[in-house]
Amino acid sequence: FNILSFVNSITKNWGFSIIIVTLLIRLMLFPLAAASFISMGKLKALQPKIERLKELCKDNKQQLSVSLIALYKKENINPLSGCLPLTIQIPFFIAFYYVLLQSVELRMAPFIFWIHDLSSSDPYYIFPVVMGLSVFIQQKVNPRPTDRAQEIVLLFMPFLLTLLFLQFASGLVLYWIINNFLSILQQLYIFRKYKF
């Protein structure tokens with residue numbers, strides 16, 4: 001809240017302050033996110049080999065698991081490292097949630113156009129829908145999951161998150177939208193830089 005308040009003393013708009021603080025957080029976490037995106041890019045490049053292993057071991061799940069682990073070890077890839085940025089975001093998400101929930105200053109604080117109160121939900125549900133679209137775009141940039149069940153769960157994730165965020169404070173949804181789009185830009189930058 002102190003950082004947000006300081007930025008707001010310059011911008012005089014809590015919504016733009018949330019955007020700037022989100023940008024600062026993403027810049028601060030860029031080295032960790034970059035390492036994760038590099039790992040995800042390697043995983044994306046490895047997808048044809050993974051698909052070939054699935055074909056070869058389609059009747060033997062245990063052999064497939066052993067073969068995948070061996071492939072990951074050979075290529076020096078940790079498939080779980082793609083979750084790192086999301087895990088790191090959780091404390092910031094919780095902090096923003098409580099700042100928006102408990103800060104009197106944010107009550108009735110307008111942003112732009114139809115958002116007249118960053119501490120209440122978007123009356124037209126535009127922010128939650130945009131946030132759901134950002135999750136969908138982010139999934140398209142990421143490599144396809146190797147597990148079919150995981151792929152199905154991820155397919156429904158944008159819809160579930162959109163429904164969940166319908167009643168969240170506009171400021172919190174704004175944070176998540178900006179965070180997702182900055183994450184997408186970081187991924188595209190890393191993937192182009194390392195030619196994944």
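Use the structure listed above.
Residues numbered from 1 in each chain as written. Predicted model: local features only at pLDDT ≥ 70, side-chain atom pairs only at ≥ 80, totals over all residues. Heavy atoms only, no water.

1. Points about the nonpolar core
Counting 31 residues, the largest nonpolar core has Leu4, Ile18, Phe96, Phe127, Met131 and Phe165 as the members making the most contacts within it. Only α1 (2-11), α2 (14-28), α6 (84-102), α7 (126-141), α8 (148-165) and α9 (170-193) provide two or more residues apiece to this core. At eight residues, α9 tops the list of elements feeding residues into this core. Those residues in contact with Met131 that sit more than four places away from it in its chain are Leu161, Thr162, Phe165, Val173, Trp176, Ile177 and Asn180. One finds Ile50, Leu64, Leu71 and Ile77 within the second-largest nonpolar core, a separate group that totals 10 residues. (Core = buried A, V, L, I, M, F, W, Y, C linked by side-chain atoms within 4.5 Å. Buried < 20%, exposed > 50% of the residue type's maximum accessible area, 1.4 Å probe, protein only. Helix = DSSP H or I, 4+ residues; strand = E, 2+ residues; numbered from the N terminus. Contact = heavy atoms within 4.5 Å.)

2. Concerning a nonpolar patch on the surface
A cluster of nonpolar side chains, contributed by Tyr125, Val129, Leu133, Phe136, Ile137 and Phe181, occupies part of the molecular surface with about 510 Å² of accessible area. In terms of residue count, α7 provides more of the nonpolar patch than any other element does, four residues in total. (Patch = residues over 30% accessible without salt bridge, like charges linked within 9 Å, V, L, I, M, F, W, Y side chains within 5 Å. Areas by Shrake-Rupley, 256 points an atom, 1.4 Å probe, with all protein chains shown as cover. Salt bridge = Lys/Arg side-chain N within 4 Å of Asp/Glu carboxyl O.)

3. Here we look at the environment of Lys193
If you trace the backbone, Lys193 turns up in helix α9. Overall, Lys193 belongs to the partly exposed group, its relative accessible area being 48%. As for Lys193 and Ile38, which are separated by 155 residues in sequence, their C-alpha atoms are 9.7 Å apart.

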